[in-house]
Structure formats: structure tokens, C-alpha cells
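# Commentary on secondary and tertiary structure
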Amino acid sequence: MAQPPPAAVIETRGLSKRYRGGQLAVDGLDLAVPRGSVFGFLGPNGSGKTTTIRMLLGLIDATEGTISVLGEPIPSGARRVLPRVGALIEGPALYGFLSGRGNLHRYDAADPSADPRTRRARVERALERVGLAAAAGKKAKAYSLGMKQRLGIAAALLQPRELLVLDEPTNGLDPQGMREIRSLVRALAEDGTTVFLSSHLLDEIEQVCSHTAVMNRGRLVTQGTVAEMSADARGRLTVTTPDGAEAARVLKEHGVADLTVTGDEVTGELPPEAARRNEPPSEGARGPGSPGAGPGPDLADLNTALVRSGVRVRGFGVTRASLEDVFVSLTGEGFDVAG
Amino acid sequence: MSQADLAGSAAGSGTGPAGGSGGGTAPDSAPGAPSGRGTVPRGGTGRRRTSGLLRSELLTTFRRWRTVALLGVLAVIPVLVGIAVKIETADGGSGGDGGGPAFISQITNNGLFLVFTSLAATLPFFLPMTVGVIAGDSVAGEANAGTLRYLLVAPAGRTRLLLVKFAGTVVFCFAATLVVAVFALVTGAVLFPLGEVTLLSGTSVSFAEGLLRALAIAAAVAVSLTGLAALGLFISTLTNSGIAAMAATVGLLLMVQIVDTIPQLHAVQPYLFPHYWLSFADLLRDPVYWDEILRNLGLQALYTAVFGSAAWARFTSRDVTA
């Protein structure tokens, strides 16, 4: 690298897209994807994720705002940037009458920066990486959904890429395939490739992503590291006790908010400082969400206070919210797709 | 190999508004160019790699079962015409008296005339219909299958892809015409005698020169189809449905052919792309009557320029949502 690489691999400023019907699909998006991150891009159906991805890749023009990918403006710099970007957009698209291998040859020929002399070797390598080497000679129309998905990912891996944009890469894959793709994503990230990953599978984002952003109704609701986002999801304190009313009173005195008493269970939101202190170290956020926080001093104090007031405590603990809870709290419970 | 060379020259002579897109010897392809590993090659390499995309386009088109079927239908027509004429004249008659496509009465004397007859019979509808299918499907079909977005992020470049699509369609025009001509020639040679060719103006030329003129006629017919190819390409950039684009192109062809036969509309007829199609017969005169042939070429160039530009304007500015 001759020049210091820009800190953000993808950066958008006030990015908006209004479709001809007048519908505002993306509204004032300020996205910053740091170099080397695995960036989880979340949002319910119809929230503008795909429109954003298409704008990032120069497939559709922004109505307003600017985009920079790998330091180049999009769409004007697309021809210089896109050879360094691999993409899977809204599922794979293949020539059914060509073999899997033929499809990759076709896509590679479309890239003017791809050297035809190394094409054969690169195609075989990409097929191997996604586990399709054995089925490469079959016509693509005979492929299962999972195989098509793998071939789509292989097309994104034909050249060494600096950025991979993967729109729901594990869609249609069996659990084994999902694990393979996730470990492939991790391996690519370790090699220094920035991965921009959109997914509905929140545990997938929690497992592989270092950063995340959430969209809802065309707007960016939040973005940051996964650790920060999980930390925002303050755990809820749950006390199991036959003395519900008394417990609630004591907890309220100690700053626990949003108290609800149902049966013999009292739940409430811990005050922010207490929650942070009781949170496991942020590195843990990369692994699967750990239920319950370690015993911090505040929790111990709370428990002591309860017992001192004569509350009979049967159970006491913090249930840490999963990313899913955060997601739902940010985007709303509603099942209906935003119109 | 020769196929690719032919196509390469077709792409090079394209009259598209962005003819210089991939070309030019850009000085910034030096080793120290910005952004190390992702430098897009320019100049010579770029041009060679565009021919690589064209080769891929031709392989993709001609490996399709549909393309083979279209060419198969075109191959059958001259064989059928030849057999029909043979059966019709088996009793020693001289073939139909005045009816049927042009030159049909001369076939029994010289099999070479089957080439002219077949081209005259297929040019009004069959040949342009196959071109309409290929041209209409060229961009819209890729959009329909979703492969267009992957070609564009590869990145094929919109202008480059459009030029390749047009060049591929023009290659198909030549291939389709050649299929008709070659099958007609073979059928004619098998079923009828070959020999000196009597031209329309009455003079006779050697069989070799007749063959040469047949080749020129095939070329003229193929070039006649390029205007339609550009029109189909433009329609193809308007929609994400390959079927709709094919139907619209073929429908438009039929409509224009009908308008071309209505005497009351003679004022517009000289501007209709099929108006001078049958002028290829003038290549069989001695001396060759160039007037309408040149007018045909000019008209095809005009259609290519107008609809090529329209296709370019549309395709380079549209949102690819498929």
C-alpha cells in the first residue's frame, strides 16, 4: 500500500433515495464502515438495506448525498473500485444453461481487471473455497438453492478483494453450510478483507460481526461495535420472591426503573452505571451472548438490601438482553412490513 | 477464432456515442498508479479484455439451446424450399409461373439461385424475427435473470457491456444470414445443377463470380438487420422482462412491415428500416445498381446511431433494480 488507506472503507453522507413513485426508501443515511471490520447491516424487510447496498455498488443512483467506497466516489469511481469489491446482492443470479464453472468464467470475463491467463486457476480456487469443486460441471439450473448461494459467493471471491458485500450469504444453506460460510467470512476477515454483511439472522451477526448498524424505515437507527450495542441492551434484573410489593419498593429506592410485578417475579431495568459495571468485558461480545452478568458489587448490594428489608429472595439475577431484543426495541415489534 | 475476429472488427467500427470508452492509451496505467492491487488496466489490455467479454458473450449466446433452435429453423427453410421446387418441377416443368419468392423460377437452372430465393423468402419475417428475439433479450434477459447486476458490479461497465451486447447481436445477424445462405447453397448444389449465373440484366457471369455476388448479398442482408438490432437493443434497455422486450421488438417489426405495404403511407415509407431490404437483388445487376443499396446502408446506419444512442442514454442512467 503506497498511501495510508482511508479509515472508513464505506462512507456515506446524507444518502437518500426516492423512487419514482415518490417513496423515500433511504433517508439521510450516514454510514461509516471501518477498515478491517466485519460489519453487520441489520433491518427489517423493506427498511432500505438492499436499496443502500445497490447504491453502494453503483447499481442505482442516489437522489441525494454522497458515497465513498475504498476512498473513491460512487458512482463516478465505480470502475476503479468495483474490481476490488466482491458482492452477493439479493441472492445469487446464474445462467441456468451454463455449468457452475461456466458461470464463474462468464462473470470473470466481465471484469476488465481480471487476467484471462489466470482465470482457470482462480475459478477452480473459488469453487474449492465454497465446496463446489465436485459439482462445478453440472448445469446451474440443476443446483439446489444452497449450491446456487455457494456459487454466488464463489463469484465474489474470484479475485482477492478488499471489501466483500454479502447480502444474506447464508440464505438457503443447511446448518453445515452456514457454519462453513461463517468460518469462511471469519477467515477472509482475518486476511484483512472488510466484510459488509446483511442478514436477518441476529445470532449470525452476533457470532461473526465486530460492528453493526441497524436500519428502520429508511433511516439509520444506530451503528457502532457489536459490543457497544450489546452494552446498550441493559440487562433486566429479575427477582423471584413471594414478597413482590416490598421487593419492588426496595428496588425502586436503589434506582431500578421500569419495575413490573407479575406473580412472584419482579423485573426491572438496572440503572445505567450498574448495568455497565455488571457487564462482562466487551471482548465477550464476539462470542455467543452470555446469559446473566457476573456478580458485580451493585448486584450484591441490591440483594443485601432486599434481604435486609425482609424480602425472601428465591432467585436473583440479570438476564442480559440478546441482540434480538435490542433489534426489536430499535425497530419495533410490528410484524407488518413498512410501506 | 475467426468468429471472434469478425466480432472484434464489428465492435471497433461501432458508431456508439461512447466509442472511445475503453480505448485510449491512458498514461496512468504505470506501475505506480494509485491503489496498488486493483489498478484497472487501460489501453491495449483493456481492449483485449473487452474482446474477452465479447467472446464470453458469443459463447453464452450460441451455447443457448434457444439460439441453436432459431438457427435450426433458419436452416430448415432453404432445404424445404429446395425440396418443394424439386418436387414441383420433377415432371420437367419450369417451376411456378411468376408466383412465389423472387428468383424461384431460376432455381432449376442453377442451384445458386436457391441462395437468393431463400434470403428473399426469409428476409421479410423469419430472419428479422430471430434478430428481434436475440436483440430484445440481450439486456432485458440478463435483467430478468438477475445476472445483469453481477455483470455490472464485476464491473463490466455499462457502455462496454452495451457495446458488447450490440456487437454480439450483429454477429448473430451475420451468423443467421450465413446459416440461410450456406444451407441454401448446399441444398441447391445437391438438388440442382450449378453453373454460369445469368444476372437480372441478362449478362452471364462465371459461377465463381456468382458465388462472390452471393456472398456480397449475404453481407448486405446481414447489414440490413443491424438497424433492427439497434432498435431491439434499445427496447431491451427499457424493461426487466426479456419476453416483453422480444415481443415488443418483433411486434414493432410486423407493424412496420405492414405500414411499409400501405400505399397511402408512402410519405413515411422511405424512413422505415425494412423499406430497402430487398435492394440486395440489385447486386445481381450488371453494372450493380448501387442507389437503393446505399440508401439501405445509410438507413441502417441512421437507425443504429439513433437507437444506439438512445439505448446508451437509457442504459447508462437507469437504476438497475432487477
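Residues numbered from 1 in each chain as written. Chains lettered and ligands numbered in written order. Predicted model: local features only at pLDDT ≥ 70, side-chain atom pairs only at ≥ 80, totals over all residues. Heavy atoms only, no water.

## Notes on the pairing of strand β10 (residues 211-216) of chain A
Residues and elements named next belong to chain A. Taken across its six residues, β10 has six buried, putting it largely inside the fold. Alternating positions in β10 separate into two faces, His211, Ala213 and Met215 on one and Thr212, Val214 and Asn216 on the other, with burial throughout. Alignment of β10 against strand β11 (residues 219-225), held across six bridges, turns out to be antiparallel. Across the sheet, the residue bridging to alanine 213 is glutamine 223, located in β11. In this antiparallel pair of consecutive strands, β10 and β11, the connection spans two residues, and arginine 217 shows a positive phi of 50°. (Buried < 20%, exposed > 50% of the residue type's maximum accessible area, 1.4 Å probe, protein only. Helix = DSSP H or I, 4+ residues; strand = E, 2+ residues; numbered from the N terminus. Pairing = 2+ DSSP bridges.)

## Side note on the sheet that holds strand β7 (residues 85-88) of chain A
Residue and element names in this part refer to chain A. If you walk across this open sheet you meet the six strands as β7-β8-β9-β4-β10-β11, and the pairing is mixed. If you trace the sheet from one side to the other, it starts and ends with β7 and β11, each paired once. The average angle at which neighbouring strand axes cross in this sheet is 15°, direction not considered. Together, β7 and β8 (163-167) form the strand contacts of helix α5 (residues 145-156), whose direction differs from that of β7 by roughly 165°. Its contacts with the sheet place helix α12 (residues 323-331) against β4 (38-42), β10 and β11, and it is angled at close to 35° to β10. (Axes fitted to C-alpha atoms, helices over the stretch in contact; angles between N-to-C directions. Contact = heavy atoms within 4.5 Å.)

## Focus on the packing of aromatic side chains
All names here are of chain A. The final tally for this structure, using the stated rule, is 13 aromatic pairs over all chains. Taking the centre distance of 5.0 Å and the plane angle of 40° together, the rings of phenylalanine 41 and phenylalanine 196 count as tilted. Linking phenylalanine 41 in strand β4 with phenylalanine 196 in strand β9 (residues 194-198), this pair joins segments that are 155 residues apart in sequence. Assigned by exposure class, phenylalanine 41 and phenylalanine 196 land together as buried. (Phe/Tyr/Trp six-rings, centres within 6.5 Å; stacked < 30°, edge-to-face > 60°.)

## A short note on unusual backbone geometry
Between alanine 154 of chain B and the following residue, proline 155 of chain B, the backbone shows a cis peptide bond with an omega angle of 0°. Among the structural elements, proline 155 of chain B can be located in the loop between α6 (147-153) and α7 (158-191). For the peptide bond that leads from aspartate 286 of chain B to proline 287 of chain B, omega is 0°, which places it in the cis range. For proline 287 of chain B, the location among the structural elements is in the loop between α10 (242-259) and α11 (291-317). Although it is not a glycine, leucine 70 of chain A sits at a positive phi angle of roughly 50°. Inspection of the secondary structure assignment puts leucine 70 of chain A in the loop between β5 (64-69) and β6 (72-74).

## Quick word on the domain arrangement of chain A
Looking at the assigned domains, one finds that chain A contains domain 1 (8-230) and domain 2 (234-320). Averaged C-alpha coordinates put domain 1 of chain A and domain 2 of chain A at centres separated by 41 Å. (Domains from an automatic or database assignment.)

## Some words on helix α3 (residues 65-88) of chain B
Given a rise of 1.5 Å per residue, 24 residues ought to cover 34 Å, and the 34 Å separating the end C-alpha atoms of α3 of chain B matches this to within 8%. Restricting attention to buried positions, one finds in α3 of chain B the residues Thr67, Leu70, Leu71, Leu74, Ala75, Ile77, Pro78, Val81, Gly82 and Val85 of chain B. (Expected span 1.5 Å × (residues − 1).)

## Comments concerning the nonpolar core
Of all hydrophobic cores here, the largest spans 164 residues; its most connected members are Leu57, Val69, Val85 and Phe196 of chain A together with Phe116, Leu127 and Phe280 of chain B. With 14 residues, α7 of chain B is the largest single contributor of residues to this core. Excluding anything up to four places from it in sequence, leucine 127 of chain B contacts Leu74, Leu119, Thr122, Ala176, Thr177, Val180, Val221 and Leu225 of chain B. Formed by 15 residues, the second largest nonpolar core is a distinct cluster that contains Leu237, Val266, Leu270 and Leu302 of chain A. (Core = buried A, V, L, I, M, F, W, Y, C linked by side-chain atoms within 4.5 Å.)

## Let's talk about the interface of chain A and chain B
Each side of the interface is counted separately: chain A has 40 residues, and chain B has 38 residues. Both sides of the chain A and chain B interface together cover about 3,400 Å² of buried area, and 56% of this is carbon and sulfur. Of all residues in chain A, Arg79, Arg106 and Pro112 of chain A give up the largest surface area on contact with chain B, accounting jointly for 20% of the area buried on that side. Where chain A meets chain B, there are three salt bridges. Between aspartate 319 of chain B and lysine 17 of chain A there is a salt bridge; the shortest N-O distance is 2.6 Å. Counting every contact that joins chain A to chain B gives 17 residue pairs in polar contact (both at pLDDT 80 or more). Residue assignment for the side of chain A that touches chain B shows that the elements contributing at least two residues are α2 (78-81), β7 and α3 (100-110) of chain A. The element that contributes the greatest number of residues to the side of chain A that touches chain B is α3 of chain A, accounting for four residues. In the side of chain A that touches chain B, the residues fall into 23 nonpolar, four polar and 13 charged. (Buried area = accessible area lost by both parts, 1.4 Å probe. Salt bridge = Lys/Arg side-chain N within 4 Å of Asp/Glu carboxyl O. Polar contact = N/O pair within 3.5 Å; in protein donor to acceptor, adjacent residues only side chain to side chain. Nonpolar A, V, L, I, M, F, W, Y, C, P; charged D, E, K, R; others polar.)

## A few points about the pattern of salt bridges
All chains considered together, the criterion is met by 27 salt bridges over all chains. Between arginine 150 of chain A and glutamate 180 of chain A there is a salt bridge whose closest N-O contact spans 3.2 Å. Residue arginine 150 of chain A is located in helix α5, and its partner glutamate 180 of chain A is located in helix α6 (residues 175-190); the two are separated by 30 residues in the primary sequence. The closest approach of N and O atoms between glutamate 253 of chain A and arginine 249 of chain A, which form a salt bridge, is 2.7 Å. Separated by four residues within a single helix, glutamate 253 of chain A and arginine 249 of chain A lie in helix α9 (residues 244-253), roughly one turn from each other. Residues joined by salt bridges that share partners form a network here, namely Arg106 of chain A together with Glu57, Glu142 and Lys165 of chain B.

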